[in-house]
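Here is how the chains run, residue by residue.
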Amino acid sequence: MIRAATFKSPILLGFEHLEKLVERNTRKAGDGYPPYNVEVADDAMHIALAVAGFARAELRVVVSGNELTVRGNRGQPDGGNFVHRGIAARPFERSFVLADGVEVRGAQLEHGMLRIDLVRRTLETAPRTIEIK
C-alpha cells in the first residue's frame, strides 16, 4: 500500500487523527457489505444501508469524534436445510469519516433499510486578530 504524504505537510497542523481515520477506513473499505447509498440535500445528508434481516436490537450506530460506525451482528438463524443461501447473515462494521460541523440527527430502520440522517452546521469562519504579547 502506498501512503500519501498529504497529512505530513508542515502546513497541516493537528490533522494526525484524520490521517488515522482515513487509513483505518481505507483498510475496511474493501468489503462491500452491506451496500449503502449517500444522498446529499441542501444542508443535510442521508446514509442508507441495506440491512435486510437485521432487527433494531442487532444494529448499533455509534459516533465517536469524527467517525460514524454502524455495526450489525445477527444471531445464528434457525436451522433449516437450505438449497441456496444468498441473504447474508454475517456481522459487519461500516465506518464513515464525518467532516467538522456534521452531526448525526437520528436513524430509522424500515423495510430492511437503515437510514441515518446527518446535518451540516455552518461553522463560523469570521477572521480573528490575535494579540501579540
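Residues numbered from 1 in each chain as written. Predicted model: local features only at pLDDT ≥ 70, side-chain atom pairs only at ≥ 80, totals over all residues. Heavy atoms only, no water.

An account of the pattern of salt bridges is needed here, citing residue identities and associated values.
Where charged atoms from two side chains of opposite charge approach closely, those side chains can pair. Following the criterion strictly, the structure yields four salt bridges and no others. Note that Arg 71 is salt-bridged to Glu 93, the shortest N-O span being 3.1 Å. You can see Arg 71 sitting in strand β4 (residues 67-72) and its partner Glu 93 sitting in strand β5 (residues 92-97), a full 22 residues away along the chain. The exposure class assigned to Glu 93 is partly exposed, which follows from its relative accessible area of 33%. (Salt bridge = Lys/Arg side-chain N within 4 Å of Asp/Glu carboxyl O. Helix = DSSP H or I, 4+ residues; strand = E, 2+ residues; numbered from the N terminus. Buried < 20%, exposed > 50% of the residue type's maximum accessible area, 1.4 Å probe, protein only.)

Describe the side chain of Asp 117, with residues and values.
Of note, Asp 117 is situated in strand β7 (residues 113-120). Here His 46 takes part through its side chain, which lies 2.7 Å from a polar atom of the side chain of Asp 117. The residues contacting Asp 117, other than those within four sequence positions of it, are Met 45, His 46, Glu 103, Val 104, Arg 105, Gly 106 and Gln 108. (Polar contact = N/O pair within 3.5 Å; in protein donor to acceptor, adjacent residues only side chain to side chain. Contact = heavy atoms within 4.5 Å.)

Outline a nonpolar patch on the surface, supporting the account with residue identities and numerical values.
On the surface, Tyr 36, Val 38 and Val 40 cluster together to form a nonpolar patch covering roughly 290 Å² of accessible area. By the secondary structure assignment, Val 40 is in strand β1 (residues 36-40). (Patch = residues over 30% accessible without salt bridge, like charges linked within 9 Å, V, L, I, M, F, W, Y side chains within 5 Å. Areas by Shrake-Rupley, 256 points an atom, 1.4 Å probe, with all protein chains shown as cover.)

An account of the nonpolar core is needed here, citing residue identities and associated values.
Within the largest apolar cluster, 17 residues are counted, with the highest numbers of intra-cluster contacts made by Val 51, Leu 114, Ile 116 and Leu 118. Of all elements in the fold, only β2 (44-50), β4, β5, β6 (102-110) and β7 reach the threshold of two or more residues within this core. Discounting residues that sit within four places of it in the chain, Leu 118 has contacts with Ala 44, Met 45, Ile 47, Leu 68, Leu 98, Val 102, Glu 103, Val 104 and Arg 105. (Core = buried A, V, L, I, M, F, W, Y, C linked by side-chain atoms within 4.5 Å.)

Residue-level account of the packing of aromatic side chains, with values.
One pass over the full model with this rule turns up three aromatic pairs. On the numbers, 5.8 Å between centres and 85° between planes, the contact of Tyr 33 with Phe 92 is edge-to-face. Separated by 59 residues along the polypeptide, Tyr 33 in the loop between α1 (16-28) and β1 and Phe 92 in strand β5 bring together distant segments of the chain. Each member of the pair, Tyr 33 as well as Phe 92, carries the same accessibility label: buried. Both rings, one in Tyr 36 and one in Phe 96, keep their centres 5.2 Å apart while their planes meet at 85°; by these two values the pair is edge-to-face. Highlighted residues: Tyr 36 in strand β1 and Phe 96 in strand β5, separated in sequence by 60 residues. (Phe/Tyr/Trp six-rings, centres within 6.5 Å; stacked < 30°, edge-to-face > 60°.)

With reference to specific residues and values, describe the sheet that holds β2.
Sheet architecture is open: four strands sit in the order β1-β2-β7-β6, paired in antiparallel fashion. Every other strand in the sheet has two partners, leaving β1 and β6 as the edge strands with one partner each. Sheet twist, expressed as the mean angle between neighbouring strand axes with direction ignored, is 15°. One ladder, built from five bridges, connects β1 with β2; its direction is antiparallel. Counterpart to Val 38 in the pairing with β2 is Ile 47. (Pairing = 2+ DSSP bridges. Axes fitted to C-alpha atoms, helices over the stretch in contact; angles between N-to-C directions.)

Keep in mind these values describe shape, not function.
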